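Descriptive structure summary
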Amino acid sequence: MSEKDALKANSPLNTATDAATENDASDAQLYAAIDLGSNSFHMIIARDVDGQMQVVDKHKEMVRLRGGLDENGYLDEVAFNNAIACLERFGQLLKGFPEGHVRAVGTNTLRNARNSKDFLKRAKEVLGHEIQIIAGQEEARLIYLGVSHGLPSSDEQRLVMDIGGGSTEYIIGVGFEQRHLTSTEMGCVSITQRFFKNDEVSERDMLNAINTCRLILRPHHMNLTRLGWETAIGASGSIKSIGTLLKENDWTDGDITLDGMLKLKAFLVEHETISQAIEAGLKGLKSERIPVLSGGLAILIATFLELGIDSMQVSANALREGLIFDTLGRLYEADVRETTVANMQNWLKIDTTQAQKVANTAVNFYQQIHKQWNLDDDSYDYPKLLKWAAQLHEAGIAISYKRYRHHSAYLVENSELAGFTQQEKIMLTAMLLNHRGKFFKEPFEALPAPHNDKLINLTVLLRLAVRIHRGRDMEAANIELSLIDNSELNLVFEPDWLVQHPLTQLDLEIEAERLKAMDFTLTFE
C-alpha cells in the first residue's frame with residue numbers, strides 16, 4: 001500500500017464515510033472547510049444531514065506562515081514549501097470531493113504577502129481546489145457564524161473575539177446575526193515577533209506589548225463598548241491555550257479572567273522564559289503554543305483592560321466551522337451575498353428596476369451560450385457574479401454620472417462586502433469597470449487562467465445587456481444570442497424590434513466597434 005493510500009485508509013474521514021453508507025445515509029453529503037491561518041492551517045470535514053452539520057474529521061498543522069514573511073513582505077522559501085506540503089497532505093484526504101463542497105480561505109498573511117498569487121497557484125495544484133483570500137471583516141463574519149452555531153440559543157448580546165496569527169477579530173451579535181465587525185492588525189505571531197525574542201518574557205517587553213495592543217484597539221473602543229454585550233466568548237488556539245493554562249494552574253475557577261491572566265504573566269516574568277516556567281511547574285502548555293504564547297497573552301490582557309471585560313468563555317468553534325455553515329447556507333438559499341448586494345443597492349439608491357432588467361437579460365444570454373463558451377465552473381458561481389455585476393453596475397451614479405463606471409468599480413473594490421472573497425470582488429470590479437465604454441484589459445490580467453478569459457466573456461454579456469436596456473423603459477424579451485464561432489456573436493430580435501428602437505440599433509453598432517478591440521465580432525438582426 002502506498003503512503004497516500006495508507007493515509008486515506010487510516011483517516012477518520014474514511015471510517016465516517018463507510019459509517020454513513022452502512023447507516024443508509026445516502027442523503028448525507030460531505031463538505032470540507034480549510035482555514036489557512038497565519039500560525040496554523042486547519043481542516044474540518046463534516047457531513048450534511050438534513051441541513052445539520054456533523055463533524056467527521058479534523059486536522060491541524062502548525063505551519064507558522066506569518067513567521068516566514070521576510071522584510072520585503074514575501075513568503076520565504078521555507079514557509080512557502082512547508083505550507084504547500086501541508087496542503088498536499090490535506091489534498092490527499094479530499095480526493096473525490098466536488099469543487100463546491102470544499103471551501104478553503106486564506107487570512108491575514110496571505111492578504112499581505114506580496115507573492116500570494118504565486119502561492120495560490122501552486123496551492124491549488126496540490127490541494128485540488130481553489131483557495132479564496134478573505135478580508136478581515138469577512139473573516140470576522142465567518143468566525144461569528146461558527147461560534148454562534150456552537151452556542152445554546154439565546155437572545156443575549158455577545159462579544160466574540162478571535163486571536164489569529166496576524167490579526168484579531170471582534171464581533172458583537174445576537175443569535176446568528178452579527179451587528180458589528182472589527183478586524184485589527186495584531187496577532188499572536190506578529191506581536192510575539194515584535195516584542196519577544198525566543199521565548200523570553202520580561203516585565204518591560206510585556207508592558208510594551210500590552211500598551212501597543214491597547215493603542216491598536218483604542219479606535220474601536222467606542223463602537224464596541226457603545227453596543228455592549230452580556231457575554232464575552234473567545235475563539236482560537238491562543239485563547240483556548242490561555243484558558244487551559246489558567247484552569248490547570250488553579251488561577252481561575254472556570255472562565256478566563258484578568259486576574260488569572262495577570263498571575264500567568266507574573267509567573268512567566270518571574271522565570272524569564274517560557275521554557276523555564278514549564279520547568280518550574282507551569283502545567284497545560286502544548287509545545288506548539290510556546291512560540292506564540294507571549295503575543296497572544298498580551299493581546300488578551302490588552303483587550304480585557306481596554307474593553308473592561310470581566311470574564312470570557314472559550315468556544316470550541318471558529319472560522320472553519322463558520323465556513324461549513326456558510327456553505328450549507330448557500331445551498332439552502334441563505335446566501336449572505338444576496339443580502340449584501342441588496343443592502344448596497346439600497347444604500348446607494350440604485351434604480352433596482354433598471355438593474356434587474358439588465359440582470360435578467362445578461363443571465364438569459366449566459367444560459368443560451370455558457371456551454372459553448374465553457375463558462376461552467378465549480379470554483380465560482382459565474383451566473384450569480386454576472387447577476388450581481390448587473391445589479392450594481394450603476395452604483396457609481398451615487399457619486400457622479402461622469403465616469404460612473406469607474407466609481408462603481410471603486411465602490412465595490414473598496415467596500416467590505418459580507419460573503420464575498422477578494423477574488424470575487426476583483427471579478428466584480430473588472431466587470432463594473434468594463435460594462436461600457438473602452439475596454440481596460442489590466443483588471444482581467446490580474447486574474448489567473450482560465451478565469452481571466454472567462455471574465456472577459458461574462459463582461460461581453462453584461463455590456464450587451466446594458467446597451468439593450470439603455471432606454472430604461474424598454475422591455476427586450478425573446479432575444480436570441482448565438483455564437484458563429486468562439487468570438488463571433490449574433491443577436492436576433494423579434495421582427496421589427498430594431499426598426500422600432502433605432503437608438504438601440506445605433507448603440508449596438510457602436511458596441512460592435514468597441515468589441516473589435518477585444519477581438520470579438522458582433523452582428524444583429
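Further up the page is the structure itself.
These remarks concern the structure in this document. Bear in mind that the values here come from a model prediction, so they are computed numbers and not experimental data.

Counted according to the given criterion, the structure contains eight aromatic pairs. Measuring from ring centre to ring centre gives 5.4 Å for Phe-80 and Phe-119, while their planes differ by 85°; the resulting arrangement is edge-to-face. Of this pair, Phe-80 sits in helix H3 (residues 77-93) while Phe-119 sits in helix H5 (residues 116-127), and the two are 39 residues apart along the sequence. Accessibility classification places Phe-80 together with Phe-119 in one group, the buried group.

Let us now look at helix H7 (residues 188-195). Counted residue by residue, H7 has six buried out of eight residues, so it is predominantly covered. Regarding H7, the residues found buried are Cys-188, Val-189, Ser-190, Ile-191, Thr-192 and Phe-195. Check the buried side of H7 and you find it contacts strand E6 (157-163), helix H8 (203-227), helix H9 (237-248) and helix H12 (293-307).

Below, the discussion takes up a nonpolar patch on the surface. A cluster of nonpolar side chains, namely Leu-503, Leu-506 and Ile-510, defines an oily patch on the protein surface of about 290 Å² accessible area. For Ile-510, the location among the structural elements is in helix H22 (residues 502-516).

With five of its five residues buried, strand E4 (residues 102-106) lies for the most part within the structure. Burial along E4 is two-sided: Val-102, Ala-104 and Gly-106 and Arg-103 and Val-105, pointing in opposite directions, are all buried. As defined by bridge partners, strand E1 (residues 29-36) adjoins E4 across five bridges and the pair is classed as parallel. If you follow Asp-35 over to E4, its bridge partner there is Val-105. Relative to strand E5 (residues 131-133), E4 is paired through three bridges, and the arrangement is parallel. Each residue of the ladder has a partner; that of Ala-104, found in E5, is Ile-131.

For the rest of this paragraph, the subject is H12. Helix length check: H12 (15 residues) gives 21 Å between terminal C-alpha atoms against 21 Å at 1.5 Å per residue, within 8%. With 14 of its 15 residues buried, H12 lies for the most part within the structure.

Attention shifts here to unusual backbone geometry. That bond from Ala-449 to Pro-450 is cis: its omega, 0°, falls within 30 degrees of zero. Within the element layout of this structure, Pro-450 appears in the loop between helix H19 (442-445) and helix H20 (451-468). Its identity as a non-glycine residue notwithstanding, Ser-236 has a phi of 110°, on the positive side. Along the chain, the position of Ser-236 falls in the loop between strand E9 (231-235) and H9. Take Ser-236: its relative accessible area is 6%, and that puts it in the buried class.

The contact between helix H15 (residues 352-369) and H20 brings their axes to 8 Å, and the two run at 135°. Taken together, the axis directions place H15 and H20 in an arrangement best described as oblique. Crossing hand, H15 versus H20: right-handed. Together, Val-358, Thr-361, Ala-362, Phe-365, Tyr-366 and Ile-369 of H15 and Leu-458, Leu-461, Leu-462, Leu-464, Ala-465, Val-466 and Ile-468 of H20 make up the contact between the two elements.

For Thr-168, the location among the structural elements is in strand E7 (residues 168-174). Among the polar contacts listed, one links the side chain of Thr-168 to the backbone oxygen of Met-186, at a separation of 2.8 Å. Sequence-distant contacts of Thr-168, defined by excluding residues within four places in its chain, comprise Met-161, Asp-162, Ile-163, Thr-182, Ser-183, Thr-184, Met-186, Gly-187 and Ile-299.

Among the nonpolar cores identified, the biggest contains 60 residues, and Trp-373, Leu-489 and Leu-491 are the most heavily contacted of them. Ranked by residue count, the leading element in this core is H20, at ten residues. Apart from the residues within four sequence positions on either side, Leu-489 is in contact with Trp-373, Val-460, Leu-464, Leu-481, Ser-482, Leu-483, Phe-520, Thr-521, Leu-522 and Thr-523. In terms of nonpolar packing, the next biggest core, distinct from the first, is built from 47 residues, Leu-245, Trp-251, Leu-282 and Ile-299 among them.

A word on the state of the cysteines. This structure, assessed with the given rule, holds zero disulfides. Looking at Cys-86, it has no disulfide partner, and the nearest cysteine sulfur is the one in Cys-188, 16 Å off. With relative accessibility at 0%, the residue Cys-86 sits in the buried group. Cys-188 supplies the cysteine sulfur nearest to Cys-213, a cysteine that is in no disulfide, at a spacing of 11 Å. On the accessibility criterion, Cys-213 (0% relative accessible area) is buried.

Another aspect to go through is the packing of helix H10 (residues 258-271) against H12. Contact pair H10 / H12: the axes reach a minimum separation of 10 Å and the direction vectors enclose 145°. Taken as a pair, H10 and H12 cross one another with a handedness that is left-handed. Touching Leu-258, Met-261, Leu-262, Leu-264, Lys-265 and Leu-268 of H10 are Leu-293, Leu-297, Leu-300, Ile-301, Phe-304 and Leu-305, all from H12. Here the contact of H10 with H12 is composed, by residue class, of eleven nonpolar, no polar and one charged.

Rules used throughout
- Throughout this document, residue positions are counted from 1 along each chain, in the order its sequence is written.
- At least 70 in pLDDT is required for a residue's local features to be given in this predicted model, at least 80 for side-chain atom pairs to be given and counted, and no such filter applies to totals for whole chains, interfaces and linings, which use all residues.
- Each side-chain value is derived from all of the structure's non-hydrogen atoms; neither hydrogens nor water enter the calculation.
- Note on ring pairs: Phe, Tyr and Trp rings are taken, using the six-membered ring of Trp, and paired if centres are within 6.5 Å. Classes follow the plane angle, with under 30 degrees stacked, over 60 edge-to-face and the rest tilted.
- Put simply, DSSP H or I for four residues or longer makes a helix, DSSP E for two residues or longer makes a strand, and each gets a number counted from the N terminus.
- Accessibility here uses a 1.4 Å probe with only protein chains present; expressed as a share of the type maximum, an area under 20% marks a residue as buried, one over 50% as exposed, and anything in between as partly exposed.
- It only takes one pair of heavy atoms within 4.5 Å for two residues to be counted as in contact.
- Put simply, a patch holds well-exposed residues, over 30% relative accessible area, that have no salt bridge, with like charges counted together within 9 Å and Val, Leu, Ile, Met, Phe, Trp or Tyr side chains within 5 Å.
- Every accessible area reported is derived by Shrake-Rupley at a probe size of 1.4 Å, with residue values counting cover from the shown protein chains alone.
- A pairing counts as a salt bridge when a side-chain nitrogen of Lys or Arg comes within 4 Å of a carboxyl oxygen of Asp or Glu.
- When DSSP finds at least two bridges between two strands, those strands are taken to pair.
- A helix is expected to span 1.5 Å for every residue after the first.
- Only the stretch in contact is used when fitting a helix axis, every axis being a line fitted to C-alpha atoms; angles between N-to-C directions are given from 0 to 180 degrees.
- Between 65 and 115 degrees an angle is taken as roughly perpendicular, under 35 as roughly parallel, over 145 as roughly antiparallel, and anywhere else as oblique.
- Should the near helix be turned anticlockwise from the far one by less than a right angle, the crossing is termed left-handed; should it be turned clockwise, right-handed.
- Nitrogen and oxygen atoms within 3.5 Å of one another constitute a polar contact, given that in protein one can donate a hydrogen and the other can accept it, and given that sequence-neighbouring residues count only through two side-chain atoms.
- Residues belong to one nonpolar core when they are buried, are Ala, Val, Leu, Ile, Met, Phe, Trp, Tyr or Cys, and are joined through side-chain atoms within 4.5 Å.
- Cysteine sulfur atoms are paired as a disulfide whenever they fall within 2.5 Å.
- For this scheme, ten residues count as nonpolar: Ala, Val, Leu, Ile, Met, Phe, Trp, Tyr, Cys and Pro. Four count as charged, namely Asp, Glu, Lys and Arg, and the remainder, Gly too, count as polar.

Interpretation note: all reported values are geometric properties and have no functional meaning in isolation.
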